Amino acid sequence: QVQLVESGGGLVQAGGSLRLSCAASGRAFSMYAMGWFRQGPGKEREFVAAFSLGGISTYYADSVKGRFTISRDNAKNTVYLQMNSMQPEDTAVYYCAARRGGDWRSSYAYDYWGQGTQVTVSS
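Conventions adopted
- Residues numbered from 1 in each chain as written.
- Predicted model: local features only at pLDDT ≥ 70, side-chain atom pairs only at ≥ 80, totals over all residues.
- Heavy atoms only, no water.
- Phe/Tyr/Trp six-rings, centres within 6.5 Å; stacked < 30°, edge-to-face > 60°.
- Helix = DSSP H or I, 4+ residues; strand = E, 2+ residues; numbered from the N terminus.
- Lys NZ or Arg CZ within 6 Å of the ring centre and 35° of its normal.
- Contact = heavy atoms within 4.5 Å.
- Polar contact = N/O pair within 3.5 Å; in protein donor to acceptor, adjacent residues only side chain to side chain.
- Salt bridge = Lys/Arg side-chain N within 4 Å of Asp/Glu carboxyl O.
- Buried < 20%, exposed > 50% of the residue type's maximum accessible area, 1.4 Å probe, protein only.
- Disulfide = S-S within 2.5 Å.

Draft legend 1. Structural view of the packing of aromatic side chains. What the rule picks out here adds up to eight aromatic pairs. With a centroid separation of 5.7 Å and an interplanar angle of 75°, the aromatic rings of Phe-37 and Phe-47 are classed as edge-to-face. Here Phe-37, found in strand E4 (residues 33-39), pairs with Phe-47, found in strand E5 (residues 46-51); they are 10 residues apart in sequence, far enough to count as distant. Grouping aromatic residues by their ring pairs yields a cluster made of Phe-37, Phe-47, Tyr-59, Tyr-95, Trp-104, Tyr-110 and Trp-113. Looking at Arg-45, its charged tip hangs above the ring of Trp-113, at a distance of 4.6 Å from the centre. If you follow Arg-72 out to its NZ or CZ, it ends over the ring of Phe-51, 4.7 Å from the centre.

Written out as C-alpha cells, the structure reads:
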C-alpha cells in the first residue's frame, strides 16, 4: 500500500512559479513509478508529468513541456513538480499518483492517488 500527500498549492500570478510536493509512504514504494495529473474546472483529469517505472526517463504533456519539471528525493520519499512560467490555463487541482506500470499518460494505470492540492493562476 502506498499513501500520497500533496502540498505546495496556492495562488500565483501569470508568469510566476510554484513547486508542488508529494510525500509517499509504504514499504512497496520502490515498486511504483510516480506521476502528476491535474483537473481544471469543468474539465476531465489530464496527464501532466511522470517518471518511467525505472526512474530513468521523464515524460511531460505538450502543454507543460519546457515549463514544468518532475523530480524526486529518494531519501525523503518525495516527488516534486516545479512549475514555471505559469499560465491561467494551469489552474487546476493537482494530484500525484503511483503506478506499477502501464501507460504513463493514462490515469487508469495508476493505483494510488493523493488528495489533491489547488493551484490557481491569475492574470
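Draft legend 2. Layout of the environment of Gln-82. Counting through the fold element by element, Gln-82 comes out in strand E8 (residues 78-83). Residues Gln-82 and Thr-69 lie 13 residues apart in sequence; the distance between their C-alpha atoms is 5.0 Å. Apart from residues lying up to four places away in sequence, Gln-82 is in contact with Ser-17, Leu-18, Arg-19, Arg-67, Phe-68 and Thr-69. In this structure the side chain of Gln-82 is engaged in a polar contact, spanning 3.0 Å, whose partner is the side chain of Asn-84.

Draft legend 3. Just the pattern of salt bridges, in detail. Applying the stated rule across the entire model yields six salt bridges. When the shortest N-O distance is used, the salt bridge between Asp-90 and Arg-67 registers 2.8 Å. Taken together, the positions of Asp-90 in the loop between E8 and strand E9 (92-99) and Arg-67 in the loop between strand E6 (58-60) and strand E7 (68-73) put the pair 23 residues apart, joining distant regions of the chain. Accessibility assignment for this pair places Asp-90 and Arg-67 in one class, buried. Arg-100 serves as the salt-bridge partner of Asp-111, at 3.7 Å between the closest nitrogen and oxygen. Taken together, the positions of Asp-111 in strand E10 (residues 110-113) and Arg-100 in the loop between E9 and E10 put the pair 11 residues apart, joining distant regions of the chain. Taken together, the shared-partner salt bridges connect Arg-38, Glu-46, Arg-67 and Asp-90 into one network.

Draft legend 4. Local environment of the state of the cysteines. In total, this model carries one disulfide according to the counting rule given. With its sulfur 2.0 Å from that of its partner, Cys-22 forms a disulfide with Cys-96. With the S-S bond torsion at 60°, the cross-link from Cys-22 to Cys-96 turns out right-handed. Residue Cys-22 is found in strand E3 (residues 18-25), and its partner Cys-96 is found in strand E9; the two are separated by 74 residues along the sequence. Exposure remark for Cys-22: the relative accessible area of 0% places this residue in the buried category. The buried category is assigned to Cys-96, whose relative accessible area is 0%.

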